[in-house]
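Read off the chains here:
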Amino acid sequence: QVQLVESGGGLVQPGGSLRLSCAASGSIVSVNVMGWYRQAPGKQRELVAAMTGAGSAIYADSVKGRFTISRDDAKSTLYLEMNGLKVGDTDVYYCHAGDYSNDYWGQGTQVIVSS
């Protein structure tokens with residue numbers, strides 16, 4: 001089992017920045033991919049960014065050049081640096097971890113971009 005706890009969401013004005021954190025615990029040695037997803041009410045959860053165990057990262061086209069995914073292995077923490085935030089980035093953001101047979105999710109953290 002892997003436990004994920006997100007933090008760092010909040011209210012920010014358009015053009016502003018936020019950094020989300022995801023602290024992982026449990027059987028994290030088995031995890032081979034971690035990432036961030038977001039979901040608006042009534043919509044499907046969508047990938048924002050993900051990073052493999054080897055450090056390769058992928059991004060949704062809508063966030064390329066604005067968001068950066070990173071991790072601190074010593075702290076077992078995944079980050080999402082979000083710059084140039086837009087109103088359309090308003091969502092609940094979820095941390096995800098996957099091994100060869102399981103998917104794990106955090107409880108989500110709300111990001112609201114509004115003037």
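For the structure given in this document, a descriptive report is provided here. (Residues numbered from 1 in each chain as written. Predicted model: local features only at pLDDT ≥ 70, side-chain atom pairs only at ≥ 80, totals over all residues. Heavy atoms only, no water.)

### Some details on the sheet that holds strand 8 (residues 77-82)
Paired through their backbone hydrogen bonds, the strands of a sheet run either parallel or antiparallel. Definition in use: Pairing between two strands is assigned when DSSP locates at least 2 bridges connecting them. Under the DSSP-based scheme used, a helix requires at least four consecutive residues in state H or I and a strand at least two consecutive residues in state E, with every element numbered from the N terminus. For helices, the axis comes from a line fit to the C-alpha atoms of the stretch in contact; other axes are also lines fit to C-alpha atoms, and the angle between any two N-to-C directions lies between 0 and 180 degrees.
Spatial strand order, 1-3-8-7: four strands in an open sheet with antiparallel pairing. Two strands lie at the open edges of the sheet, namely strand 1 (2-7) and strand 7 (67-72), each paired on one side alone. Neighbour-to-neighbour, the strand axes of the sheet open up by a mean angle of 20°, direction not taken into account. Here strand 7 runs beside strand 8; their pairing, made up of six bridges, is antiparallel.

### Some remarks on the pattern of salt bridges
In plain terms, the rule: One side-chain nitrogen of Lys or Arg within 4 Å of one carboxyl oxygen of Asp or Glu is enough to make a salt bridge. For every residue, the accessible area obtained with a 1.4 Å probe (protein chains only) is divided by the maximum for its type, and the residue is called buried under 20%, exposed over 50%, and partly exposed between those limits.
Counted under the stated rule, the structure contains six salt bridges. Residue Lys 64 is joined to Asp 61 by a salt bridge in which the shortest nitrogen-to-oxygen separation is 3.1 Å. Residue classification places Lys 64 among the partly exposed positions, given a relative accessible area of 49%. Taking relative accessible area as the criterion, Asp 61 reaches 65% and is therefore assigned exposed. When salt bridges with common partners are traced through the structure, they connect Arg 38, Glu 46, Arg 66, Asp 89 and Asp 91 into a single cluster.

### Focus: the nonpolar core
Put simply, the rule reads: Each nonpolar core is a collection of buried residues, namely Ala, Val, Leu, Ile, Met, Phe, Trp, Tyr and Cys, held together in the definition by side-chain atoms within 4.5 Å.
Among the nonpolar cores identified, the biggest contains 27 residues, and Leu 4, Met 34, Trp 36, Leu 80 and Met 82 are the most heavily contacted of them. Sorting the residues of this core by element identifies strand 1, strand 3 (18-26), strand 4 (33-39), strand 5 (46-52), strand 7, strand 8, strand 9 (91-98) and strand 11 (109-113) as the ones contributing at least two each. Counting residues per element, this core draws most heavily on strand 3, at four residues.

### Observations regarding the state of the cysteines
Put simply, the rule reads: When the sulfur atoms of two cysteines come within 2.5 Å, that pair is taken as a disulfide.
Following the criterion strictly, the structure yields one disulfide and no others. Here Cys 22 pairs with Cys 95 through a disulfide, and the sulfurs are 2.0 Å apart. Handedness of the Cys 22-Cys 95 disulfide follows from its S-S torsion of about -80°: it is left-handed. Of the two residues, Cys 22 is situated in strand 3 and Cys 95 in strand 9; the sequence distance between them amounts to 73 residues. Taking the relative accessible area as the measure of exposure, Cys 22 reaches 0% and is therefore buried. Cys 95 gets classed as buried once you look at its relative accessible area, which sits at 0%.

### Examining the packing of aromatic side chains
This is how the line gets drawn: Any two of the Phe, Tyr and Trp rings considered here, Trp counted by its six-membered ring, make a pair once their centres fall within 6.5 Å; the pair's planes then place it as stacked at under 30 degrees, edge-to-face at over 60, or tilted in between. Put simply, a charge is over a ring when the Lys NZ or the Arg CZ is close to the ring centre, within 6 Å, and near the line of the ring normal, within 35 degrees.
A full pass over the atoms with the stated rule returns one aromatic pair. The ring of Tyr 94 carries the charged tip of Arg 45 above its face, separated from the ring centre by 3.7 Å. The ring of Trp 105 carries the charged tip of Arg 45 above its face, separated from the ring centre by 4.6 Å.

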